[in-house]
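# Working through the structure, step by step
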Amino acid sequence: MQNENAPAAAAPGFRRAGIHPRRKVGAERLPLPRFTRSMYSMFGLAIVEFGISVRLADVRTLTERTEMATLLRIDSSPIGEASISRELAAEFERIWRRANPDGRVIARDVTTTAIPTVTAAWVAAHYTPAESRAREQHELLRFTQEIAQELLDADEYVMGVPTHNWGPPASFKLWVDHFTSPFGPRLEGKRATFIITAGRSYGPGSGNEERRHVEPWLRTLFGGLGVADVHFVFVDATAQVFRGAVDRAEFLGPHVEVIHAMIPQAVPSG
Ligand SMILES: Cc1cc2nc3c(=O)[nH]c(=O)nc-3n(C[C@H](O)[C@H](O)[C@H](O)COP(=O)(O)O)c2cc1C
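Residues numbered from 1 in each chain as written. Predicted model: local features only at pLDDT ≥ 70, side-chain atom pairs only at ≥ 80, totals over all residues.

### Points about the site of the ligand
The cut-off we apply is this: Whether a residue is near a molecule or strand depends on its C-beta atom, generated from backbone atoms, being within 6 Å of that molecule or strand. Under the scheme used here, helices are H or I runs from DSSP no shorter than 4 residues and strands are E runs no shorter than 2 residues, and both carry numbers assigned from the N terminus. Following the grouping adopted for this structure description, the nonpolar residues are Ala, Val, Leu, Ile, Met, Phe, Trp, Tyr, Cys and Pro, the charged ones are Asp, Glu, Lys and Arg, and the polar ones are all others, Gly among them.
Contacts to the ligand come from 17 residues, most closely from S77, S85, P162, G199 and T238. The greatest single-element share of the shell around the ligand, amounting to three residues, is contributed by helix α3 (residues 84-99). In the shell around the ligand, the residues fall into five nonpolar, 10 polar and two charged.

Below, the structure written as structure tokens:
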């Protein structure tokens, strides 16, 4: 088992409580085909030298968040109660609720949400200024707006992200595709905790050390959206739990400790 964020007592030598150095991710230029670029010009989008300006009209259609502490919990494991990422995200939520008794939790299970696939019609609607969209285009973007609003409404995120074929689950990726674009919400000031699970071991000597693609992917993605306060709980070698080779509660113990340490005001003193 490897967890770079495990508390010193649970796993000596590992960094504590998921604090990672902040990393700035600059605006990236999209490799846009010529016809799309001219569509942008037609609709008055400003493409500047070092990036693409966010079209404010879209953002203004989303309301400001309220002052109540709000947690957005995302689950993306397809295996329900057997899931390790769900169990740990549930623990995070439990402790967070204890620390924020008046807080609100928005739960989004991307495996049971019917997320529309990204089609040509969706792309055209997304890249059309809000005031010029046809009624059907607004309808096509209803889900996109809904999840963007959830991201804006929350102060904090916890996301369970299993490793599926070296990347995130397809449902998580599809959810992400709906809001990650130059026209999506800006998420500066949010705090995000990602609980990444993986069946294999990724520790020294495993041969998988260089294959932890999910964490850098999430860093790049959410960093690009403005989320600088990111924390990771990496739970690898879960296959041994599913094989019955190790006790589940024993296996999860150090990870649960990490999660408790992330919400310090919730841990009883003494
Ligand atoms: C479709 C699928 C693909 C998977 N691919 C990988 C993989 O590439 N690498 C890995 O380490 N584990 C892989 N696994 C194992 C899961 O990461 C592991 O079972 C993990 O515990 C899943 O998280 P969960 O328990 O929250 O569902 C895969 C599992 C599934 C169902």
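So much for the structure itself; the text now carries on.
### As for the sheet that holds strand β7 (residues 229-235)
Keep this limit in mind: Two strands make a pair as long as DSSP finds a minimum of two bridges between them. Between N-to-C directions, angles span 0 to 180 degrees; the directions come from axes that are lines fitted to C-alpha atoms, helices contributing only their stretch in contact. We call two residues in contact if the C-beta atoms placed from their backbones are at most 7 Å apart.
Pairing in this open sheet of five strands is parallel, and the strands run β4-β3-β5-β6-β7 from one edge to the other. Looking at which strands have only one partner, the edges of the open sheet turn out to be β4 (104-109) and β7. Between one strand axis and the next, the sheet turns by 15° as a mean value, whatever way the strands run. Where strand β3 (residues 70-75) and strand β5 (residues 156-162) come together, five bridges link them in parallel fashion. What sits directly across from L71, in β5, is E156. Contacting β3, β4, β5, β6 (191-197) and β7, α3 runs over the sheet at an angle of about 165° to β5. Sitting on the sheet, helix α10 (residues 248-262) touches β6 and β7, and the angle it makes with β7 is about 165°.

### Notes on the pairing of β7
We count it as follows: Any residue whose C-beta has 12 or fewer other C-beta atoms within 10 Å is treated as exposed, any with 20 or more as buried, and any in between as partly exposed, C-beta atoms being built from the backbone. Convention used here: a crossover is right-handed provided that the path from the first strand, over the helix, to the second strand proceeds clockwise when the strands point away from the viewer.
Of all seven residues in β7, five are buried, a share of seventy percent or more. Note: β6 against β7, seven bridges, orientation parallel. When the bridges of β7 are listed, T197 appears paired with V235. A crossover connection joins β6 to the parallel β7 through helix α8 (residues 214-224); in handedness this β-α-β unit is right-handed.

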